[in-house]
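In case you want the letters, here they are:
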Amino acid sequence: MPDYTLSKISKGDYKEKSSSFHAVAEPSSLINHVKFRLLGLNEEFSDSSHISYAYRIKQSDRLDEFASDSGEPKGSAGIHILNTLKRKQMVNSVIYVIRYFGGTKLGISGLIHAYTTAAENAVAHAILKPWVQLCSLLLIHKYEVQKKVESVQKKYNANIIQQNFAESVETIIEVRESIHEEFIMQLKQITN
């Protein structure tokens, strides 16, 4: 069965007994990015009760999965967010669910239902696309060939991750693993 990933950020909400649950589903291919984004969400939603989350990150044949209850009772939040990702066969994706406590305890089954529903609502609003293995490449070239390099990047749908213009142009790109050798050969031909 094919895997899927998110095209862009998607959100979903759920309310139960005055508690509100706001889910944010995002594409992510790096665990460090997930942790960095979590720090940002903790600052942005500093008045929230909990930010539970789960991710599935796939690179080559390796699949990293992780779930956090973030202070909720063990097994009441993170694993159910992760199961939402699994049911939808999503990889390189993370779902954060931000909870605002409304004053009434929901119990374990209520929390499971609320976190699952919020995560599923975020996925229901998402645009999924088939996942393909990407590889990252560092390109270093002279300014004179910049236009030629850009045309090859466009031809192969390479994603520019970072670009630095110094003595030479340094670009980190992602391209599909299946065509990266062909991509490199094209670059070599145009830049000598």
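Quick notes on the rules
- Residues numbered from 1 in each chain as written.
- Predicted model: local features only at pLDDT ≥ 70, side-chain atom pairs only at ≥ 80, totals over all residues.
- Heavy atoms only, no water.
- Helix = DSSP H or I, 4+ residues; strand = E, 2+ residues; numbered from the N terminus.
- Rg over C-alpha atoms; globule rule 2.2 N^0.38 Å.
- Buried < 20%, exposed > 50% of the residue type's maximum accessible area, 1.4 Å probe, protein only.
- Contact = heavy atoms within 4.5 Å.
- Areas by Shrake-Rupley, 256 points an atom, 1.4 Å probe, with all protein chains shown as cover.
- Lys, Arg positive; Asp, Glu negative; His and termini not counted.
- Charge placed at Lys NZ, Arg CZ, Asp CG, Glu CD.
- Pairing = 2+ DSSP bridges.
- Axes fitted to C-alpha atoms, helices over the stretch in contact; angles between N-to-C directions.
- Core = buried A, V, L, I, M, F, W, Y, C linked by side-chain atoms within 4.5 Å.
- Phe/Tyr/Trp six-rings, centres within 6.5 Å; stacked < 30°, edge-to-face > 60°.

1. Things to note about the overall build of the chain
Each helix and strand in the chain was counted, giving five helices and ten strands. The globule rule puts the C-alpha radius of gyration for 192 residues at 16 Å, and the 20 Å found for the chain is more than 25% above it. Oriented by its inertia axes, the alpha-carbon framework of the chain measures out at about 70 × 40 × 25 Å. Relative to its 192 residues, the chain shows a buried fraction of 43%. Expressed as a percentage of contacts within the chain between residues at least 6 apart in sequence, the contacts between residues at least 24 apart total 69%. Accessible surface for the chain amounts to roughly 11,000 Å². Of this, 52% is attributable to carbon and sulfur atoms. For the chain, the distance from the average position of its 23 positive side-chain charges to the average position of its 21 negative side-chain charges is 4 Å.

2. Describing the sheet that holds strand β10 (residues 169-176)
Here three strands make up an open sheet; going across it, the order is β8-β10-β9 and the pairing antiparallel. Unpaired on one side and paired on the other, β8 (134-141) and β9 (159-165) mark the two borders of the sheet. When the angles between neighbouring strand axes are averaged without regard to direction, this sheet yields 15°. Strands in contact with helix α4 (residues 146-155) are β8, β9 and β10; relative to β8, the strand with the most contacts, it is inclined by about 170°.

3. Digging into the side chain of threonine 84
With respect to the element layout, threonine 84 can be found in helix α2 (residues 78-87). Ignoring sequence-local partners within four residues, the contact set of threonine 84 consists of Ile95, Thr116, Ala119, Glu120 and Val123.

4. Quick notes on the nonpolar core
One finds Phe21, Ile81, Ile95, Val97 and Tyr115 to be the most contacted residues of the largest nonpolar core, which totals 22 residues. Here this core takes seven residues from helix α3 (residues 107-124), the largest share from any one element. Here isoleucine 95 is in contact with Ala23, Val24, Ala25, Ser52, Tyr53, Ala54, Ile81, Thr84, Leu85, Ala119 and Val123, once residues within four sequence places are set aside. Among the nonpolar cores identified, the runner-up in size contains 13 residues, and Cys135, Leu137, Val145 and Phe183 belong to it.

5. Some remarks on the packing of aromatic side chains
Within the structure shown, the criterion is met by six aromatic pairs. Geometrically, the ring pair formed by phenylalanine 21 and tyrosine 115 is edge-to-face, given 5.0 Å between the ring centres and 75° between the ring planes. Here the residue phenylalanine 21 occupies a position in strand β3 (residues 19-27), and tyrosine 115 occupies one in helix α3, the gap between them amounting to 94 residues. An aromatic cluster is defined as three or more aromatic residues linked by ring pairs; in this entry it consists of Tyr53, Tyr55, Phe66 and Tyr96.

6. Quick look at α2
Note: α-helices contain 3.6 residues per turn, so residues at a spacing of three or four share the same orientation. When we look at burial in α2, the residues that qualify are Gly78, His80, Ile81, Leu82, Thr84 and Leu85. Residues of α2 that are buried sit in contact with β4 (50-59), β5 (62-68), β6 (93-100) and α3. Two residues or fewer past α2, glutamine 89 is found with a positive phi of approximately 55°.

7. Some words on unusual backbone geometry
For asparagine 92, which is not a glycine, the phi torsion comes out positive at approximately 50°. Its place among the elements puts asparagine 92 in the loop between α2 and β6. For asparagine 92, a relative accessible area of 9% gives the class buried.

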